[in-house]
Amino acid sequence: MSVFDREGRYPGQRERLAFKYPVGGALQDEVMAFFVPFNDAGNGIVNTSPTYAASGTTATATRATTAWTRLSTGLYGSVASGSLRSYYDANGFYRGYLPQKQKINYALQSDDLTQIATWVATTMTTSKTATGADGAANSATILTATAGNATILQTLVRASAQRITSCWIKRRTGSGVINMTQDNGVTWTPVTVTSDWTQVAIAAATAANPILGLQIVTNTDAVDVMWFLHEEAAFASATPVPTTTASVTQNGDQLSYPSAGNFDETVGTAYAEIYPLTVGTKVLNTYPLAISGAANGFLFFIGGGGTLTIYDGTTYVASSGVLQANTLYKCASSWHANGLAVCKNGGTLGTGAFDGLLGTTPTTIKVGWSGTQPDACIQNARIWTAQKSNAQLLAMTS
């Protein structure tokens, strides 16, 4: 039985005052120290104000560049520098705050594939007259094959690195195969193209001097394309980073709160809803919710194997299973005399020894650690200054 309502919230607004919820047939009283729901503030901006926290607690939030997100309308929109983003999934469900690490798009003229100095089309016509995934007229390029196996390619001069290519695409006419490459067609990878705007990507590979682009296999088939992304990374960004004549850097999102009165390094429980967006099978080495201090502690850490983990500065304890993209995970962790524990979606608990401190001399609660932001949405972040039982952790995440 879940202790949350249908929208993932506790019933009512009683989180602080001895509010009762059922676990194992008994009513449990707990005192919550910190709660931020990360509600939608409109126009792609997230509300970072705590519903409950210690007196004087305010968010410290920044991102020194514009960035993009998906809006409640299903369209993508740009969010101004300094405003952190909310996010809606492809089905229109709200997923909370979206923290991303720094992104660099090396693909030039990401939306305008008519630029012949950048994009070389072979047996293909190009026209920047399509309405894009942002809803704007003439913001996307129509690619039409004039013969079979038509191609459009861009050459980049880059040192050897792990790299990945993606773009947003929708089918205009025809039903033939659409392929993508980043090695000049040595490998053509089919991508799934529908009548809706969809981000498609090919697997990351290590190489120098990539040549990236698309192939339309069937003569007269046509697609609409925008937001080509080429990143030196293992996974493609789930949001666009538009470019024109030069590469563009999107700075990472920074969000933190003072830990004083909101967190106890000796005893506690944490809860958050995490929705990975990474275009790939898992998110790696990221820190959705962490404590910064003389020594750091991680309430939720997604390790190199893609598992949800708690870390006290000495021991990593992981829950079972690997986090997948576009899946909601209700996550809980705890620390104190009963040791460390962590679970997600009511699944098997990971448990282990606790060294007595989850970090030392804590100063800051960080939602997405600088440089390792999770490219995942976070909602309903809660911290208690008491350790809930393992049964309670399973109940609150079911």
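Residues numbered from 1 in each chain as written. Predicted model: local features only at pLDDT ≥ 70, side-chain atom pairs only at ≥ 80, totals over all residues. Heavy atoms only, no water.

### Some details on the nonpolar core
Here comes step 1: Judged by nonpolar contacts, the single largest core of 37 residues is most densely connected at Phe38, Leu299, Phe300 and Trp335.
Here comes step 2: Looking at this core element by element, the count peaks at 4 residues for strand S34 (residues 376-384).
Here comes step 3: Among the nonpolar cores identified, the runner-up in size contains 24 residues, and Ile178, Val193, Leu212 and Val225 belong to it. (Core = buried A, V, L, I, M, F, W, Y, C linked by side-chain atoms within 4.5 Å. Buried < 20%, exposed > 50% of the residue type's maximum accessible area, 1.4 Å probe, protein only. Helix = DSSP H or I, 4+ residues; strand = E, 2+ residues; numbered from the N terminus.)

### Observations regarding the confidence of the model for the chain
Here comes step 1: In the predicted model, the chain carries a mean pLDDT of 90, and 90% of its residues have values of at least 70.
Here comes step 2: A low-confidence stretch, residues 1-29 stays under pLDDT 50, and its non-local contacts, those more than four residues away or across chains, total 64 contacts. (pLDDT = per-residue confidence, 0-100. Contact = heavy atoms within 4.5 Å.)

### Digging into the side chain of Gln199
Here comes step 1: Along the chain, Gln199 turns up in strand S19 (residues 198-201).
Here comes step 2: Residue Gln199 is classed as buried on the basis of its relative accessible area of 17%.
Here comes step 3: At 3.2 Å, the side chain of Gln199 forms a polar contact with the side chain of Ser166.
Here comes step 4: Within the structure, Gln199 has its side chain in polar contact with the backbone oxygen of Ser237 (distance 2.7 Å). (Polar contact = N/O pair within 3.5 Å; in protein donor to acceptor, adjacent residues only side chain to side chain.)

### A look at unusual backbone geometry
Here comes step 1: Unusually for a residue other than glycine, Asn149 sits at a positive phi of about 60 degrees.
Here comes step 2: Positionally, Asn149 belongs in the loop between strand S14 (140-145) and strand S15 (150-155).
Here comes step 3: The backbone of Thr220 shows a phi angle near 75 degrees, a positive value even though the residue is not glycine.
Here comes step 4: Its place among the elements puts Thr220 in the loop between strand S21 (211-216) and strand S22 (222-231).
Here comes step 5: The class for Thr220 is exposed, based on a relative accessible area of 52%.

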